Amino acid sequence: MRQQPGDAYWYTRGAPTDKQWLDFQYDVKVSDIELANRENFVSIEHVKRFTTNGMSVDQGKTSNVNALAVMAELSGRRIPEVGTTKFRPPYHPVTLGTIAGQRRGEAYLPRQILPAHDWHIDQGGVMQDYGWMRPDCYPQVGESEQAAIDREVMAVRNGVGMFDATPLGKIEVKGADAAIFLQRIYANNARSLKPGFARYGLMCNENGVVIDDGVFVRLTEDHFLCHCTSGNTARVYQWLEEWLQCEWPSLRVALSNQTSQWASATVSGPRARELMRLFESDIDFSCKAFSHMQFRSGQIDGVAARVLRASFTGELTYEISVPARYGLSLWKRIDALGQALNIVPYGVESLMVLRTEKGYLHIGVDTDGTTTPLDLGWGAPLSKKTDDFIGARSLLRSHDQRNDRLHFVGLQAIDSGQSLPLGGHIVSQVNVELPMESQGYCTSACYSPTLKRWIGLGLVSCGRERMNESVSIFANGKTVAAKVVSPTHLDVKGERLNA
Amino acid sequence: MRNVEKEILTPIQPRLRARPVLEVRAEGRLVERKFLGILRLQVIEWDNVIQAQLCEHLGTLPEASAFVEHHGLRIHWISPKEYLVILEEGGDEQCVIDLLADLPVLISVISDSRITFSLKGEVVPKILAQRCGLDLHPSVFVVGCSTVTRVAGLSVMVVRVDSLVYEVSMDRSYGQYFWEWFEQGFSCFEMS
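Throughout, a residue's number is its position along its own chain's written sequence, starting from 1. Chain letters and ligand numbers both follow the written order, the letters beginning at A and the numbers at 1. For a predicted model such as this one, the threshold for reporting local features is a pLDDT of at least 70, and the threshold for listing and counting side-chain atom pairs is 80 or more; totals across whole chains, interfaces and linings nevertheless cover every residue. Think of the side-chain values as coming from all heavy atoms in the structure, minus any hydrogens and water.

A. Region of the structure containing the overall build of chain A. Only DSSP runs of H or I reaching four residues or more are called helices, and only runs of E reaching two or more are called strands; each is numbered from the N terminus. Of the regular secondary structure elements, chain A holds 13 helices and 21 strands. Overall, the C-alpha framework of chain A stretches about 85 × 65 × 50 Å when taken along its three principal axes. Across chain A, every contact between residues at least 6 apart in sequence was considered, and the portion connecting residues at least 24 apart equals 64%. Two residue types count as positive, namely Lys and Arg, and two as negative, namely Asp and Glu; His and chain ends fall outside the count. Taken as the charge location is NZ of Lys, CZ of Arg, CG of Asp or CD of Glu. Here chain A carries 53 positive and 55 negative side-chain charges, and the mean point of each set is 4 Å from the other. In this analysis, two residues are considered to be in contact whenever any of their non-hydrogen atoms come within 4.5 Å of each other.

Structure representation (structure tokens):
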């Protein structure tokens, strides 16, 4: 016999309504809806705000259904006449069981796999879980991880290296108002960017604190490609959607997270152009035709590809993206062509050394929950921007403009062989007597095989006014002598980058 | 890639190349649906005119949490003002893009960013329900239902295609994880 659905049962008539809950998160009861009805509320949106029904994390799709059904009955209307509030995701209720679930060993936590995952394993890549499984470095037989990192860094500085950049966040922003939208999102200027060009951008929250950075590209007049930090992509995407849907719904813009659609490989080093010219391609890779911070679409060995000249190593760099199904083929092809140039794959740890040498900041590592663009030395560029953007007002507060804030600077060990303690506090005395005031801290530290010394980056009080000043870095009861320097330890003029 | 073997790989290849179909006894079956053409269709300003134009080009649009099939195209409701258009392997994505070129609709090709598995068997909803909050009871999640929800900690589109056939679609990078998770689900039922 076919089962028939029962009648809807929204509440128990004849029983005390102040003990019948409709919203289990905000404790809204049938009696609250009765009061709203007595107060002559008609619109369900007003009932929602009067009772707070559906304003907790379920965002209405669960509890508001109960409330509007009761409201319909009390006001003598049908449910469609009462209408619904604006539902937001999740459109379908999610149980705690879905989130918690069972323990399942290796399958307990989701992990993302690169298209070239097996190649990295075969080449001895030391895989690390960054959400994506990514290679830190590729030690050869008998080689330590530190030696492998040094070798990979030097290969990029002197020849050419290849890096799997697939996890780099790729969010597409399309629509007639795309430029206006990004002008409000980024602290720097997005609207003046021409199609085919790229620009580095900083994103702030309402407090003016930097939350992400990355290179954004104008593909066409109404179409942008925004890169964001690999581990922060989902958060940035939600951030953009929230502003678009809740604050600026009138903007004609749509967003799409395209990160997994493309497999990306970065070719970096002074010989990168030589390698790119070995591909069969309709793209002119000469410096004159394709300079730093430019973007091209074209064919790479018969596959439709996107190529961006942007760098996180400080070297001449091409970032090649192809549809993910060709990801492993692209990777193998670069490796095969690059053998003539002694190409070397490099991993995330090697990239961290390369970017520290160049002084490129890593959001969340070199910044904390208080760092603003002004602290990063972006005061002059931002002062030229006349349009409003998220965080702009906060940056005008006197607290944000104080001179004694923590500035982003470079650090250099006085004794070149002495390691800098990551996370160590900047203090002015060699012999520390606790408690002592911290003047900031070391945010990144590594041995630079290029400069043959330990270097670092840090957030230091009044840092920009303290260039070449000797400081001590305190950690674990010891101090290390260091000097405050420019964050750019290497190639200050950017000649390598723009080659 | 020209001049070398051009390997076009789906997300779970090559790791699972030796075992393209997961089959446990006769109770259930998991197989990848390869190289579907997938287009994300976002309407910026929804009104009756746009809806009529979309219907004219694509056929009747699905209701919320459902899918429809017309002329080899499958159209899924994703969220208000957003649909997913799916073409079988070999389908021309560009045809759909051209078809809708004059409409104020934004289309993104996301074929390479998704992996789709076909799941068959009475045991399928039971396995999915282990880490899915959706009511997958056959009388509730009926044939034609299509919902984006959370399964095994992932954002997954769950579709009931036929009485015993379901499809799940997710970010391609999670394909291997899902396969292994589902395999473990099978093993639970084997033990029982």
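B. Local environment of the overall build of chain B. Along chain B, the regular secondary structure elements total 4 helices and 11 strands. When contacts within chain B are restricted to residue pairs at least 6 apart in sequence, those whose partners lie at least 24 apart make up 61%. Surface exposure of chain B reaches about 8,500 Å², of which carbon and sulfur atoms provide 49%. The method behind every accessible area is Shrake-Rupley, applied with a 1.4 Å probe, and residues are considered shielded solely by the protein chains displayed.

C. The arrangement of the packing of aromatic side chains in detail. For this analysis, a ring pair means two rings from Phe, Tyr or Trp (six-membered ring only for Trp) whose centres lie within 6.5 Å, classed as stacked if their planes differ by under 30 degrees, edge-to-face if by over 60, and tilted for the remaining angles. Applying the stated criterion across every chain, the model contains 20 aromatic pairs over all chains. With 6.3 Å between their ring centres and 25° between their planes, F285 of chain A and F290 of chain A make a pair best called stacked. Throughout, exposure labels follow a simple rule: accessible area from a 1.4 Å probe, protein chains only, divided by the maximum for the residue type, with under 20% read as buried, over 50% as exposed, and the rest as partly exposed. Residue classification places F285 of chain A among the buried residues on the basis of a relative accessible area of 3%. Ring pairs connect the aromatic residues F117, F178, W179, W181 and F182 of chain B, which therefore count as one cluster. Over a ring means this: the NZ of a Lys or the CZ of an Arg is within 6 Å of the ring centre and within 35 degrees of the ring normal. The ring of F290 of chain A carries R296 of chain A above its face, with NZ or CZ at 5.0 Å from the centroid.

D. Spotlight on the nonpolar core. Counting residues in each nonpolar core, the largest one holds 31 residues, and the members touching the most others are V307, I320 and I334 of chain A. Top contributing element to this core by residue count: helix α11 (residues 327–338) of chain A, with 5 residues. Those residues in contact with I334 of chain A that lie beyond four places of it in its chain are M162, A265, V267, L275, F279, I320 and I343 of chain A. Counting residues in hydrophobic clusters, the runner-up holds 28 residues, among them V123, L136, F141 and V156 of chain B. Throughout this description, the term nonpolar core refers to a set of buried Ala, Val, Leu, Ile, Met, Phe, Trp, Tyr and Cys residues connected via side-chain atoms within 4.5 Å.

E. How the structure looks around the pattern of salt bridges. Within this document, salt bridges are pairs made up of a side-chain nitrogen of Lys or Arg and a carboxyl oxygen of Asp or Glu, the two lying within 4 Å of each other. What the rule picks out here adds up to 25 salt bridges over all chains. With its nearest N and O atoms 2.5 Å apart, the salt bridge here joins E180 of chain B to R111 of chain A. With E180 of chain B in helix α4 (residues 175–191) and R111 of chain A in the loop between α5 (96–100) and α6 (117–122), this pair bridges two chains. Taking the relative accessible area as the measure of exposure, R111 of chain A reaches 13% and is therefore buried. Of the charged contacts, one joins D387 of chain A and R191 of chain A as a salt bridge, the two residues approaching to 2.9 Å between their closest N and O atoms. Residue D387 of chain A is located in the loop between α13 (379–383) and β16 (406–413), and its partner R191 of chain A is located in the loop between α8 (178–185) and β7 (198–204); the two are separated by 196 residues in the primary sequence. Residues joined by salt bridges that share partners form a network here, namely R33, E69, R74, E88 and E167 of chain B.

F. Inspection of the packing of helix α7 (residues 145–158) of chain A against helix α12 (residues 348–358) of chain A at higher detail. All names here are of chain A. For the pair α7 and α12, the least separation of the axes is 9 Å and the interaxial angle reads 55°. In terms of their interaxial angle, α7 and α12 are classed as oblique. The handedness of the crossing between α7 and α12 comes out as right-handed. Residues I149, E152, V153, V156 and R157 of α7 touch α12, and the partners they reach there are E349, S350, V353, L354, E357 and K358. Taken together, the residues that form the contact of α7 with α12 break down as 5 nonpolar, 1 polar and 5 charged. Angular values range over 0 to 180 degrees, each being the angle between N-to-C directions of two axes fitted as lines to C-alpha atoms, with helices fitted over their stretch in contact. Each angle receives one of four descriptions, namely roughly parallel if under 35 degrees, roughly antiparallel if over 145, roughly perpendicular if within 65 to 115, and oblique otherwise. The crossing is said to be left-handed when, going from far helix to near helix, the turn is anticlockwise and less than a right angle, and right-handed when the turn is clockwise. Amino acids are sorted into nonpolar (Ala, Val, Leu, Ile, Met, Phe, Trp, Tyr, Cys and Pro), charged (Asp, Glu, Lys and Arg) and polar (every other residue, Gly among them).

G. Broad picture of the sheet that holds strand β12 (residues 295–300) of chain A. Residues and elements named next belong to chain A. DSSP-based pairing: two strands are paired if at least 2 bridges between them are found. Reading across from one edge, β12-β13-β14-β11-β5-β15 is the order of the 6 strands in this open sheet, with mixed pairing throughout. With one partner strand each, in any of the chains shown, β12 and β15 (344–345) form the two edges of the open sheet. Along the sheet face, α11 touches β5 (161–164), β11 (262–268) and β14 (317–323) and points at about 15° away from the line of β11.

H. Molecular detail of the sheet that holds strand β9 (residues 223–228) of chain A. All names here are of chain A. Strands sit in the order β7-β8-β9-β6-β10 across an open sheet of 5 strands; the sheet is antiparallel. Strands at the two margins of the open sheet, each flanked by one partner only, are β7 and β10 (254–257). Along the sheet, successive strands turn relative to each other by an average axial angle of 30°, direction set aside. Where β7 lies against strand β8 (residues 210–220), 7 bridges are found, and the strand directions are antiparallel. Looking at the pairing, A198 lines up with V217 of β8. Packed on one face of the sheet, helix α9 (residues 233–247) meets β6 (169–174), β7, β8, β9 and β10 and runs near 170° to β10.

I. Quick look at the confidence of the model for chain B. All names here are of chain B. Per-residue confidence for chain B gives a mean pLDDT of 84; residues scoring 70 or more make up 84%. Residue range residues 1–6 is modelled with pLDDT below 50. Its contacts to residues more than four positions away, or to other chains, number 19 contacts. Complex prediction metrics read pTM 0.84 and ipTM 0.89. Think of pLDDT as the predictor's per-residue confidence, scored from 0 to 100.

J. Examining the packing of helix α1 (residues 30–38) of chain A against helix α3 (residues 63–74) of chain A more closely. All names here are of chain A. Viewed as axis vectors pointing N to C, α1 and α3 meet at an angle of 50°, and their least axial separation amounts to 10 Å. Comparing the axis directions of α1 and α3 gives the class oblique. By crossing handedness, the relation of α1 to α3 is classed as right-handed. The segment α1 lies against α3, with V30, I33, E34 and N37 engaging A67, V70, M71 and L74.

K. The environment of I180 of chain A, seen in detail. Relative to the helices and strands, I180 of chain A resides in helix α8. Beyond its immediate sequence surroundings of up to four residues, I180 of chain A is in contact with R191 and L251 of chain A.

L. Structural detail: the side chain of S444 of chain A. Residues and elements named next belong to chain A. You can see S444 is positioned in strand β18 (residues 440–448). A relative accessible area of 4% places S444 in the buried class. Setting aside anything within four residues of it in sequence, one finds S444 in contact with R355, T356, V365, D366, L422, I455, G456 and L457.

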